[in-house]
Amino acid sequence: MSPGVDGLLRPDQREDDMARTALVTGGTRGIGEAISIALKNAGYNVAATYAGNEEKANAFKAEHGIAVFKWDVSDPQACADGIAKVEAELGPVDVLVNNAGITRDAMFHKATFEQWREVMSTNLDSMFTMTRPVIDGMRERGFGRIINITSINGQKGQMGQANYSAAKAGVIGFTKALAQENAKKGVTVNAIAPGYIATEMVMAVPEKVRESIIATIPVGRLGESEEIAEAVVYLAGEKAGFVTGSTLTINGGQYIT
Ligand code: CAA
C-alpha cells in the first residue's frame with residue numbers, strides 16, 4: 001500500500017500499512033448494512049454486530065464476506081467480550097459506528113416503562129457499553145473515529161416516540177462531550193442524524209402516518225441507506241480529522257437545524 005497522491009494516508013490505511021478495522025453495530029440490516037458494505041468497499045476490515053436475526057446475518061455474511069458477531073449492545077459484559085473477540089480476529093478497532101437502534105413507539109400516555117427501558121438501553125446505554133472498551137486503545141494509538149447514529153427525531157422530537165427522541169437526543173449530548181475529551185488524542189467523535197430512510201423500521205410505521213411524514217420532506221422522498229453510509233465513510237477517513245463534535249443532518253430538508 002502507498003499513500004494517496006496528496007501524501008495523506010488513504011481512508012482505510014494505518015501508518016503501519018495495515019487496513020484499519022471498523023466495527024458497525026446493527027451492521028447486518030437497514031442503515032447499518034449499507035454502512036458495513038460502504039466501509040468494506042473503502043478498504044476497511046469490517047465487523048458487523050447483530051442482535052437476533054441469525055438468518056439475515058448469515059445471508060449478509062455469505063453475500064458480502066463481512067464478519068458478523070452476535071451480541072446485545074445493551075449488555076456491558078457482552079460488549080467487552082465481543083469487542084475482545086473482534087480485536088483478536090481483525091485487529092484493534094479504529095472506527096466504531098454506534099448504529100444499533102430500536103423503536104418501541106407509543107403515545108407517552110399509553111407507554112410502558114418496559115418500552116422506555118428497552119429503547120434507552122439499546123439506543124443510549126450502548127453508547128457507553130460499546131465505546132468504553134475501545135476508547136483507551138484509540139487514545140493510546142492516537143487515532144480513532146467514533147460515529148454515532150442519532151436521528152432527526154432526537155433533534156425535533158416526534159409524537160409517539162418520547163422514548164426514542166429522548167435516547168437519540170442523549171446520543172447528541174454524548175457525542176459533543178466525548179469529542180471534547182478526545183480531540184487532542186486524534187480521536188474524533190461525530191453524530192449523523194438521518195431523517196426518514198427507506199428501511200424496515202420506517203416501513204413499519206402505519207402507511208397513513210408514513211405518507212403524512214413524506215409530505216413534510218422537501219426533497220419529496222424517503223432517504224436511502226447508502227446516502228447515510230457515504231457520510232460515515234467520509235467521517236471515518238483521515239481527511240475528516242478536523243471534524244469533531246458535529247451532528248450531520250441528512251434528512252431531505254425535513255428539519256433544518
Ligand atoms: N406524524 C403525524 N401524525 C402522527 C404520527 C406522526 N409521526 N404518529 C401518529 N400520528 C397521528 C395519527 O395519524 C393519529 O391522528 P388521527 O387521530 O388524526 O388519525 C394520531 O396521531 C394518533 O395516532 P394513532 O391512532 O396511530 O394512535 P395509536 O395509539 O394507535 O398509535 C403510534 C400511536 C404507535 C405512535 C402510531 O401512530 C405510530 O406508529 N406512529 C408513528 C411514529 C413515528 O413516526 N415513528 C417513527 C418510526 S421511524 C424511526 O424512528 C426512524 C427514525 O429515526 C426517523
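Values in this document were obtained by computation on a predicted structure and should not be read as measured data.

The rules we used
- Residues numbered from 1 in each chain as written.
- Predicted model: local features only at pLDDT ≥ 70, side-chain atom pairs only at ≥ 80, totals over all residues.
- Heavy atoms only, no water.
- Helix = DSSP H or I, 4+ residues; strand = E, 2+ residues; numbered from the N terminus.
- Rg over C-alpha atoms; globule rule 2.2 N^0.38 Å.
- Buried < 20%, exposed > 50% of the residue type's maximum accessible area, 1.4 Å probe, protein only.
- Contact = heavy atoms within 4.5 Å.
- Areas by Shrake-Rupley, 256 points an atom, 1.4 Å probe, with all protein chains shown as cover.
- Lys, Arg positive; Asp, Glu negative; His and termini not counted.
- Charge placed at Lys NZ, Arg CZ, Asp CG, Glu CD.
- Near = heavy atom within 4 Å.
- Polar contact = N/O pair within 3.5 Å; in protein donor to acceptor, adjacent residues only side chain to side chain.
- Axes fitted to C-alpha atoms, helices over the stretch in contact; angles between N-to-C directions.
- Parallel < 35°, antiparallel > 145°, perpendicular 65-115°, else oblique.
- Left-handed = near helix turned anticlockwise from the far one by under 90°.
- Nonpolar A, V, L, I, M, F, W, Y, C, P; charged D, E, K, R; others polar.
- Pairing = 2+ DSSP bridges.
- Right-handed = clockwise from strand over helix to strand, strands pointing away.
- pLDDT = per-residue confidence, 0-100.
- Salt bridge = Lys/Arg side-chain N within 4 Å of Asp/Glu carboxyl O.
- Core = buried A, V, L, I, M, F, W, Y, C linked by side-chain atoms within 4.5 Å.

Chemist: I'd like a rundown of the overall build of the protein chain, residues and numbers included.
Modeler: Counting its regular elements, the protein chain contains 9 helices and 7 strands. A compact globule built from 257 residues would reach a C-alpha radius of gyration of about 18 Å, and the protein chain, at 18 Å, matches this within 12%. Its C-alpha atoms put the protein chain at 55 × 40 × 40 Å along the principal axes. Counting all 257 residues of the protein chain, 47% fall into the buried class. Restricting the contact set of the protein chain to residue pairs at least 6 apart, pairs at least 24 apart contribute 69%. As displayed, the protein chain has an accessible area near 12,100 Å², and 55% of this comes from carbon and sulfur atoms. Both charge centroids of the protein chain, one from 25 positive and one from 30 negative side chains, sit 4 Å from each other.

Chemist: Which residues make up the site of the ligand, and what values do they have?
Modeler: Around the ligand, the surrounding shell holds 21 residues, and the nearest of these are Asp105, Lys110, Ser151, Gln158 and Tyr164. Between an oxygen atom of the ligand and a side-chain N or O atom of Ser151, the distance comes to 2.7 Å. The side chain of Lys208 places a nitrogen or oxygen atom 3.0 Å from an oxygen atom of the ligand. Alone, the ligand offers 970 Å² of accessible surface; in the complex the protein occludes 66% of this. Take the shell around the ligand: its biggest share by element is 4 residues, from helix α8 (residues 207-214).

Chemist: Describe the packing of helix α4 (residues 113-141) against helix α6 (residues 162-182), with residues and values.
Modeler: For the pair α4 and α6, interaxial distance at closest approach is 8 Å and the crossing angle is 15°. On the basis of the axis angle, α4 is roughly parallel to α6. The handedness of the crossing between α4 and α6 comes out as right-handed. Of the residues in α6, those in contact with Gln115, Trp116, Val119, Met120, Asn123, Leu124, Met127, Thr131, Ile135 and Arg139 of α4 are Ala162, Asn163, Tyr164, Ala166, Ala167, Lys168, Gly170, Val171, Phe174, Leu178, Glu181 and Asn182. Its residues assigned to classes, the contact of α4 with α6 shows 13 nonpolar, 6 polar and 3 charged.

Chemist: Please provide a residue-by-residue account of the pairing of strand β2 (residues 45-50), values included.
Modeler: Put simply, side chains in a regular strand alternate between the two faces of the sheet. Counting buried positions along β2 gives 5 out of 6 residues, so the element sits mostly inside the fold. As defined by bridge partners, strand β1 (residues 21-24) adjoins β2 across 4 bridges and the pair is classed as parallel. Note that in β2 the partner of Leu23 across the bridge is Ala47. When β2 meets strand β3 (residues 67-70), the two strands line up parallel, connected through 4 bridges. Within the sheet, the bridge partner assigned to Thr49 lies in β3 and is Phe69. In this fold, β2 hands off to helix α2 (residues 54-64), which returns the chain to β3; that crossover is right-handed.

Chemist: Summarise the confidence of the model for the protein chain; cite the residues concerned and give the values.
Modeler: Taken over all residues, the pLDDT of the protein chain has a mean of 95, while the share at 70 or more is 93%. Long-range and interchain partners of residues 1-5, a stretch whose pLDDT sits below 50, account for 11 contacts in this model, where long-range means more than four residues apart.

Chemist: Kindly report on the pattern of salt bridges, identifying the contributing residues and their values.
Modeler: Following the criterion strictly, the structure yields 10 salt bridges and no others. For Glu33, the salt bridge goes to Lys56, with nearest N and O atoms at 3.3 Å. Placement of the pair is Glu33 in helix α1 (residues 30-41) and Lys56 in helix α2, with a sequence separation of 23 residues. Given the relative accessible area of 27%, Lys56 is considered partly exposed. One salt bridge in this structure joins Asp136 and Arg132, with 3.5 Å as the shortest N-O distance. Of the two residues, Asp136 and Arg132 are both situated in helix α4; the distance of 4 residues between them amounts to about one turn of the helix.

Chemist: So what's going on with the nonpolar core? Residues and values would help.
Modeler: Counting 28 residues, the largest nonpolar core has Ile35, Leu39, Val97, Ile147, Ile192 and Val232 as the members making the most contacts within it. For this core, the elements supplying multiple residues, two or more each, are β1, α1, β2, α2, β4 (93-98), β5 (144-149) and α9 (225-236). Residue contributions to this core peak at 7 residues, all from α9. With near-sequence residues (within four places) excluded, Val97 lies in contact with Leu23, Val24, Thr25, Ile35, Leu39, Ile147, Ile149 and Val232. Counting 21 residues, the second largest nonpolar core, distinct from the first, contains Ile83, Ile146, Val187 and Val189.

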